[in-house]
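Observations on the three-dimensional arrangement
Residue-level listing of the chains:
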Amino acid sequence: QVQLVESGGGLVQPGGSLRLSCAASGTIPAIYYMGWYRQAPGKQRELVARIFSRGGSTNYADSVKGRFTISRDNAKNTAYLQMDSLKPEDTAAYYCNIRGYIGNEFWGQGTQVTVSS
(Lines give C-alpha, C1' and ligand atoms only; values in the text may rest on other atoms or scores of the structure.)
Protein backbone atom coordinates (compact mmCIF):
# COMPACT_ATOMS: atom_id res chain seq x y z
CA GLN A 1 0.00 0.00 0.00
CA VAL A 2 1.09 3.55 -0.70
CA GLN A 3 0.44 6.54 1.51
CA LEU A 4 0.60 10.09 0.20
CA VAL A 5 0.61 12.95 2.65
CA GLU A 6 0.18 16.50 1.40
CA SER A 7 1.10 19.61 3.35
CA GLY A 8 1.60 23.30 2.81
CA GLY A 9 -1.90 24.48 2.02
CA GLY A 10 -3.51 27.47 3.66
CA LEU A 11 -4.93 30.94 3.23
CA VAL A 12 -2.97 33.43 1.15
CA GLN A 13 -3.70 36.81 -0.38
CA PRO A 14 -3.88 37.27 -4.15
CA GLY A 15 -0.38 37.57 -5.56
CA GLY A 16 1.09 35.52 -2.76
CA SER A 17 2.90 32.19 -2.80
CA LEU A 18 2.56 28.75 -1.28
CA ARG A 19 4.61 25.59 -1.55
CA LEU A 20 2.85 22.24 -1.37
CA SER A 21 4.65 19.03 -0.48
CA CYS A 22 3.64 15.43 -1.08
CA ALA A 23 5.52 12.70 0.76
CA ALA A 24 5.07 9.12 -0.43
CA SER A 25 5.66 6.12 1.79
CA GLY A 26 4.91 2.42 1.83
CA THR A 27 5.37 -0.03 -1.01
CA ILE A 28 5.91 2.46 -3.79
CA PRO A 29 5.63 1.03 -7.29
CA ALA A 30 7.72 2.07 -10.26
CA ILE A 31 6.42 5.58 -10.81
CA TYR A 32 5.40 6.79 -14.24
CA TYR A 33 4.68 10.27 -12.95
CA MET A 34 3.82 12.22 -9.84
CA GLY A 35 1.24 14.92 -10.21
CA TRP A 36 -0.91 17.53 -8.55
CA TYR A 37 -4.63 17.85 -9.24
CA ARG A 38 -7.14 20.28 -7.83
CA GLN A 39 -10.86 20.39 -7.33
CA ALA A 40 -12.89 23.49 -6.63
CA PRO A 41 -16.44 23.30 -5.23
CA GLY A 42 -18.89 22.28 -7.93
CA LYS A 43 -16.16 21.56 -10.45
CA GLN A 44 -14.42 18.44 -11.71
CA ARG A 45 -10.96 17.49 -10.54
CA GLU A 46 -8.37 18.79 -12.97
CA LEU A 47 -4.70 18.17 -13.59
CA VAL A 48 -2.51 21.05 -12.44
CA ALA A 49 0.98 19.69 -13.10
CA ARG A 50 2.87 16.43 -13.36
CA ILE A 51 6.48 15.35 -13.54
CA PHE A 52 7.59 12.18 -15.29
CA SER A 53 10.19 9.85 -13.86
CA ARG A 54 11.98 9.36 -17.17
CA GLY A 55 13.80 12.53 -18.06
CA GLY A 56 11.99 14.68 -15.53
CA SER A 57 9.74 16.27 -18.14
CA THR A 58 6.75 18.25 -16.90
CA ASN A 59 3.23 19.16 -17.98
CA TYR A 60 1.17 22.10 -16.71
CA ALA A 61 -2.40 23.21 -17.08
CA ASP A 62 -2.57 26.34 -19.24
CA SER A 63 -4.10 28.26 -16.34
CA VAL A 64 -0.98 27.83 -14.17
CA LYS A 65 1.84 27.96 -16.71
CA GLY A 66 4.48 30.49 -15.71
CA ARG A 67 3.15 30.68 -12.14
CA PHE A 68 3.45 27.14 -10.76
CA THR A 69 6.49 24.87 -10.72
CA ILE A 70 6.47 21.16 -9.98
CA SER A 71 9.59 19.42 -8.74
CA ARG A 72 10.56 16.14 -7.17
CA ASP A 73 13.12 14.77 -4.77
CA ASN A 74 13.49 11.13 -5.79
CA ALA A 75 15.62 10.25 -2.77
CA LYS A 76 12.83 11.39 -0.47
CA ASN A 77 9.93 10.21 -2.66
CA THR A 78 8.56 13.71 -2.32
CA ALA A 79 6.97 16.02 -4.87
CA TYR A 80 6.56 19.76 -4.53
CA LEU A 81 4.35 22.37 -6.11
CA GLN A 82 5.63 25.94 -5.87
CA MET A 83 2.71 28.27 -6.49
CA ASP A 84 3.44 31.94 -7.15
CA SER A 85 1.26 34.86 -8.20
CA LEU A 86 -1.76 33.08 -6.77
CA LYS A 87 -5.20 34.13 -7.93
CA PRO A 88 -8.62 33.67 -6.30
CA GLU A 89 -9.46 31.16 -9.05
CA ASP A 90 -6.65 28.94 -7.75
CA THR A 91 -8.75 28.28 -4.65
CA ALA A 92 -9.35 24.53 -4.43
CA ALA A 93 -8.46 21.33 -2.67
CA TYR A 94 -5.12 20.14 -4.08
CA TYR A 95 -4.42 16.42 -4.35
CA CYS A 96 -1.19 14.57 -4.89
CA ASN A 97 -1.23 11.63 -7.29
CA ILE A 98 1.13 8.83 -8.22
CA ARG A 99 0.62 6.89 -11.44
CA GLY A 100 2.51 3.65 -11.92
CA TYR A 101 3.62 2.15 -15.20
CA ILE A 102 0.91 -0.50 -15.04
CA GLY A 103 -1.86 2.06 -14.63
CA ASN A 104 -2.14 1.80 -10.88
CA GLU A 105 -2.59 5.08 -9.10
CA PHE A 106 -2.73 6.47 -5.62
CA TRP A 107 -4.15 9.66 -4.14
CA GLY A 108 -3.48 11.77 -1.13
CA GLN A 109 -6.18 13.15 1.15
CA GLY A 110 -5.83 16.66 -0.21
CA THR A 111 -4.81 20.02 1.17
CA GLN A 112 -6.92 23.17 0.94
CA VAL A 113 -5.59 26.28 -0.77
CA THR A 114 -7.63 29.46 -0.37
CA VAL A 115 -6.65 32.66 -2.15
CA SER A 116 -8.55 35.61 -0.77
CA SER A 117 -8.02 39.13 0.49
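Our structure is the block above this text.
Now for a quick tour of the structure. Keep in mind it's a predicted model, so treat the numbers as computed, not measured. (Residues numbered from 1 in each chain as written. Predicted model: local features only at pLDDT ≥ 70, side-chain atom pairs only at ≥ 80, totals over all residues. Heavy atoms only, no water.)

Description of a nonpolar patch on the surface
A surface patch of nonpolar side chains, about 350 Å² in accessible area, is lined by Y32, Y101 and I102. By secondary structure assignment, the location of Y32 is in strand β4 (residues 31–39). (Patch = residues over 30% accessible without salt bridge, like charges linked within 9 Å, V, L, I, M, F, W, Y side chains within 5 Å. Areas by Shrake-Rupley, 256 points an atom, 1.4 Å probe, with all protein chains shown as cover. Salt bridge = Lys/Arg side-chain N within 4 Å of Asp/Glu carboxyl O. Helix = DSSP H or I, 4+ residues; strand = E, 2+ residues; numbered from the N terminus.)

A closer look at the nonpolar core
One finds W36, L81, M83 and Y94 to be the most contacted residues of the largest nonpolar core, which totals 29 residues. Only β1 (2–7), β3 (18–26), β4, β5 (46–52), β7 (68–73), β8 (78–83), β9 (92–100) and β11 (111–115) provide two or more residues apiece to this core. In contact with Y94, other than residues within four places in its own chain, are E6, L20, W36, Y37, R38, V48, F68, L81, M83, G110, T111 and V113. (Core = buried A, V, L, I, M, F, W, Y, C linked by side-chain atoms within 4.5 Å. Buried < 20%, exposed > 50% of the residue type's maximum accessible area, 1.4 Å probe, protein only. Contact = heavy atoms within 4.5 Å.)

Quick look at the sheet that holds β1
Spatial strand order, β1-β3-β8-β7: four strands in an open sheet with antiparallel pairing. The open sheet has two edge strands, β1 and β7, and neither has a second partner. If you compare each strand with its neighbour and ignore which way they point, the axes differ by 15 degrees on average. (Pairing = 2+ DSSP bridges. Axes fitted to C-alpha atoms, helices over the stretch in contact; angles between N-to-C directions.)

Structural notes on unusual backbone geometry
At N77, a position not held by glycine, the phi torsion is positive, near 50 degrees. Residue position: N77 is located in the loop between β7 and β8. Given the relative accessible area of 28%, N77 is considered partly exposed. With a phi angle near 50 degrees, S85 is a residue other than glycine that sits in the positive phi range. Along the chain, the position of S85 falls in the loop between β8 and β9.

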